[in-house]
Amino acid sequence: MEQVEGAGKRKAPHVLTVAGSDSGAGAGIQADLKACGALGVYCSSVITAVTAQNTLGVQGVHPVPVDFVEDQLRSVLSDMEVDVVKTGMLPSVDIIKALCDKIKEFHVKALVVDPVMVSTSGDVLAAPAILDVLREELLPMADIVTPNLIEASALLGGQSLETVADMYTAARSIHKLGPRNVIVKGGHLSDSSDAVDVFFDGEQFLELHGQRVKTRNTHGTGCTLASSIAAELAKGSSMPQAVKAAKNFVENALRYSKDIAIGAGPQGPFDHFFKLNDHMDNTSEKRRFDPNDLFLYAVTDSRMNKKWGRSITEAVKSVIEGGATMVQLREKEAETREFVEAARACVEICRPRGVPLLINDRVDVALACGADGVHVGQSDMPAHLARSLLGPAKIIGVSCKTPAQAAAAFAGGADYVGCGGVFPTNTKANNVTVGLDGLRTVCMASELPVVAIGGIGAGNASSVMEIATPTLKGVAVVSAVFDQESIVAETRKLKAVLTSAVVNSAV
Ligand SMILES: Nc1ncnc2c1ncn2[C@@H]1O[C@H](COP(=O)(O)OP(=O)(O)OP(=O)(O)O)[C@@H](O)[C@H]1O
Ligand SMILES: Cc1ncc(CO)c(N)n1
Ligand SMILES: [Mg+2]
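Residues numbered from 1 in each chain as written. Chains lettered and ligands numbered in written order. Predicted model: local features only at pLDDT ≥ 70, side-chain atom pairs only at ≥ 80, totals over all residues. Heavy atoms only, no water.

Asker: What is the right way to look at the side chain of Gln267 in this model?
Answerer: Its location among the elements puts Gln267 in the loop between α9 (239-257) and α10 (274-277). With relative accessibility at 14%, the residue Gln267 sits in the buried group. Polar contacts involving the side chain of Gln267 include one to the side chain of Thr218, which spans 2.9 Å. (Helix = DSSP H or I, 4+ residues; strand = E, 2+ residues; numbered from the N terminus. Buried < 20%, exposed > 50% of the residue type's maximum accessible area, 1.4 Å probe, protein only. Polar contact = N/O pair within 3.5 Å; in protein donor to acceptor, adjacent residues only side chain to side chain.)

Asker: Before we go on, may I ask you to explain a nonpolar patch on the surface in this structure?
Answerer: A contiguous nonpolar surface patch, about 240 Å² in accessible area, is contributed by Val118, Val124 and Ile150. Secondary-structure assignment places Ile150 in helix α6 (residues 149-155). For Ile150, a relative accessible area of 47% corresponds to the partly exposed category. (Patch = residues over 30% accessible without salt bridge, like charges linked within 9 Å, V, L, I, M, F, W, Y side chains within 5 Å. Areas by Shrake-Rupley, 256 points an atom, 1.4 Å probe, with all protein chains shown as cover. Salt bridge = Lys/Arg side-chain N within 4 Å of Asp/Glu carboxyl O.)

Asker: Hey, could you run me through the nonpolar core in this one?
Answerer: Nonpolar side chains tend toward joint burial in soluble globular proteins. If you look at the biggest cluster of nonpolar residues, it comprises 78 residues, and the most contacted ones within it are Leu329 and Leu439. The element that contributes the greatest number of residues to this core is helix α13 (residues 336-350), accounting for 8 residues. Filtering out sequence-adjacent residues up to four positions away, Leu439 remains in contact with Cys419, Val422, Val434, Val450, Ala452, Val464, Ile467 and Leu472. (Core = buried A, V, L, I, M, F, W, Y, C linked by side-chain atoms within 4.5 Å. Contact = heavy atoms within 4.5 Å.)

Asker: How do you make sense of the site of ligand 2 when you look at a structure like this?
Answerer: Around ligand 2, the neighbouring residues are Gly20, Ser21, Ala27, Gly28, Gln53, Met89, Val116, Ser119, Leu125, His219 and Cys223. At 2.7 Å, a side-chain N or O of Gln53 approaches a nitrogen atom of ligand 2. Protein contact buries 93% of the 280 Å² of open area that ligand 2 shows by itself. Counted by class, the shell around ligand 2 contains 5 nonpolar, 6 polar and no charged residues. (Near = heavy atom within 4 Å. Nonpolar A, V, L, I, M, F, W, Y, C, P; charged D, E, K, R; others polar.)

Asker: How should I be thinking about the pairing of strand β15 (residues 416-420) in this particular structure?
Answerer: It is a general feature of regular strands that their side chains alternate between the two faces of the sheet. With 5 of its 5 residues buried, β15 lies for the most part within the structure. Burial of β15 is two-sided: the residues Tyr416, Gly418 and Gly420 facing one way and the residues Val417 and Cys419 facing the other way are all buried. Where strand β14 (residues 395-400) meets β15, 4 bridges bridge the pair, whose relative direction is parallel. When the bridges of β15 are listed, Cys400 appears paired with Cys419. For the segment spanning β14, helix α16 (residues 403-411) and β15, crossover handedness is right-handed. For β15 and strand β16 (residues 450-453), the ladder comprises 4 bridges, and the chain directions are parallel. Following the sheet pairing, Cys419 is matched in β16 by Ala452. The parallel pair β15 and β16, bridged by helix α17 (residues 435-445), forms a crossover whose chirality is right-handed. (Pairing = 2+ DSSP bridges. Right-handed = clockwise from strand over helix to strand, strands pointing away.)

Asker: When you look at the site of ligand 1 in this model, what are you seeing that I'm missing?
Answerer: Close to ligand 1 lie 19 residues, the nearest being Thr120, Lys185, His188, Asp197 and Val213. Interatomic distance of 2.8 Å between a side-chain N/O atom of Lys185 and an oxygen atom of ligand 1. About the coverage of ligand 1: the protein hides 93% of its 630 Å² of free accessible area. Taken together, the elements giving at least two residues each to the shell around ligand 1 come down to β8 (194-200), α8 (221-234) and α9.

Asker: Any chance you could explain the side chain of Arg310 here in plain terms?
Answerer: Here Arg310 shows up in the loop between α11 (302-307) and α12 (312-321). The side chain of Arg310 sits in the buried core without any salt bridge; Glu485 is the nearest counter-charge, 6.2 Å away. Residues in contact with Arg310, not counting those within four places in the same chain, are Asn305, Phe482, Gln484, Glu485, Ser486 and Ile487. (Lys, Arg positive; Asp, Glu negative; His and termini not counted.)

Asker: When you look at the sheet that holds strand β3 (residues 57-63) in this model, what are you seeing that I'm missing?
Answerer: Pairing between sheet strands relies on hydrogen bonds along the backbone, with the strands arranged either parallel or antiparallel. If you walk across this open sheet you meet the 9 strands as β3-β2-β1-β4-β5-β6-β7-β8-β9, and the pairing is mixed. The strands lining the two open edges of the sheet, one partner per strand, are β3 and β9 (205-211). Bridge analysis of strand β1 (residues 14-22) against strand β2 (residues 42-54) gives 9 bridges, and the strand direction is parallel. Residue pairing for β2: Asp22 is matched across the bridge by Thr51.

Asker: Just to check I follow, could you spell out unusual backbone geometry for this structure?
Answerer: Negative phi values dominate among residues other than glycine, just as trans dominates among peptide bonds. Note the cis peptide between Gly420 and Gly421, where omega equals -10 degrees. A positive phi angle, close to 65 degrees, is found at Ala25, a residue other than glycine. Among the secondary structure elements, Ala25 is positioned in the loop between β1 and α2 (28-38). Not every positive phi belongs to a glycine, and Ala468 is a case in point at roughly 50 degrees. Mapped onto the elements, Ala468 comes out in the loop between α18 (461-465) and β17 (472-477).

Asker: What am I meant to see in α8 here?
Answerer: Residue pairs spaced three or four apart in an α-helix point in one direction, given the helix's 3.6 residues per turn. Compared with the 20 Å implied by 1.5 Å per residue over 14 residues, the 20 Å span of α8 between its first and last C-alpha is a close match. Following α8 by one or two positions, Gly236 has its phi on the positive side, about 110 degrees. (Expected span 1.5 Å × (residues − 1).)

Next comes the structure, spelled out in structure tokens:
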């Protein structure tokens, strides 16, 4: 029992958010919980008001009675070691006063105040009556206050703020109200191509520049910025570090979420958990596959390596040295553990040499070792499922013998087609040979680039490349390079044949 007590204890960085609930979950308490969760910080929550809210605006506000806000504060602060308190919507003077009392009673390292007043949709979240108590009691206790342009203006008695220069003036004036640091947020700054926030610590200004993401999904950026600052502080960052990291987090989340469609209104929520999901997203534009990589595609074979007494890494190193433009690990006999280890080692070899490394059949191994993609056969994982597991950036190749299979590969989101066996081969038992005619038929029909495979070597590679359809990009070989005394020499020889075949068919 004692063992359990001592050994497992680890203090979790802890933010307490004191804010309103947003039923649409883009802003408020829900944004704070997600931001802290995404940044690895525990977040407890004291709810000051319940709002009925969606992407159209705020349909209703229901403040929590002050006694019950106090009860929640006491419950959390008396029991849990809170590092940082972050405040959002504080709908009444009484609630602010109760909060100030509780913060004085229980020690916390830092207080982040987001002076929420009006939602972006223009709905009032806190009565103007709170301004005095905010200025006089809460702000002097704050380590940082994070007004947007409208809130900064309200704190300064309605002075209009329109330019970055105005933001400097505002930051200085708000600092005089007592907070240790101020960040005036420029999300609402009109016609600016970047998103500028102005930070002031009482001595120095820091202009925080970020790209302005073109998106409707900005609901909750303010809450997220403030709770991310709180989370970074709880993890031990300095204030300038925390502010920069938070700004960066918001920008990345917005960029990732710019096309997400939730709700019919003008301002949608964004995804705080983009880091968890980004490899799963099929809609993002990036694709990083160059069909020319198929030119000399080397496919490993464990039996051949065994026969010649080589490790898989030695074989991969040599074939790249000889000029291979892409490598596939095809380990039909290896145990998973052994396969993953070998694959990791090969990733280390291929990556710095700019050669993509694919894994045959095993999507799990490809993910585990960080390979560039997979090659699947007709009886392996279907391309569309491999794509949904691997995300948009990985390369997927599919073995096809017919135009119909090539069309299905294209529809499933594959990047290339491997067509064969072109010639009879010993590498693959019972494999139907499609011949040069079968290859030509697939190449003519395929929407995807094609690599020819099966019994190809220096002796017959020219006859393959002479098919010369625009889709045929190269040859994939096994024995021609790996079942050889010198991998480097044979690969060079094949590359020379391929290069001259391409030159000849071009003239
Ligand atoms: N389109 C955008 N692209 C990049 N950053 C943005 C964009 N919109 C806002 N930001 C950034 O998000 C943070 C919050 O700024 P903003 O001025 O929108 O706060 P807010 O009005 O309090 O937000 P909320 O709608 O949550 O109340 C700032 O760091 C700001 O620069
Ligand atoms: C509950 C709540 N807090 C803060 C904001 C500010 O965006 C909002 N819209 N809703
Ligand atoms: Mg706000």
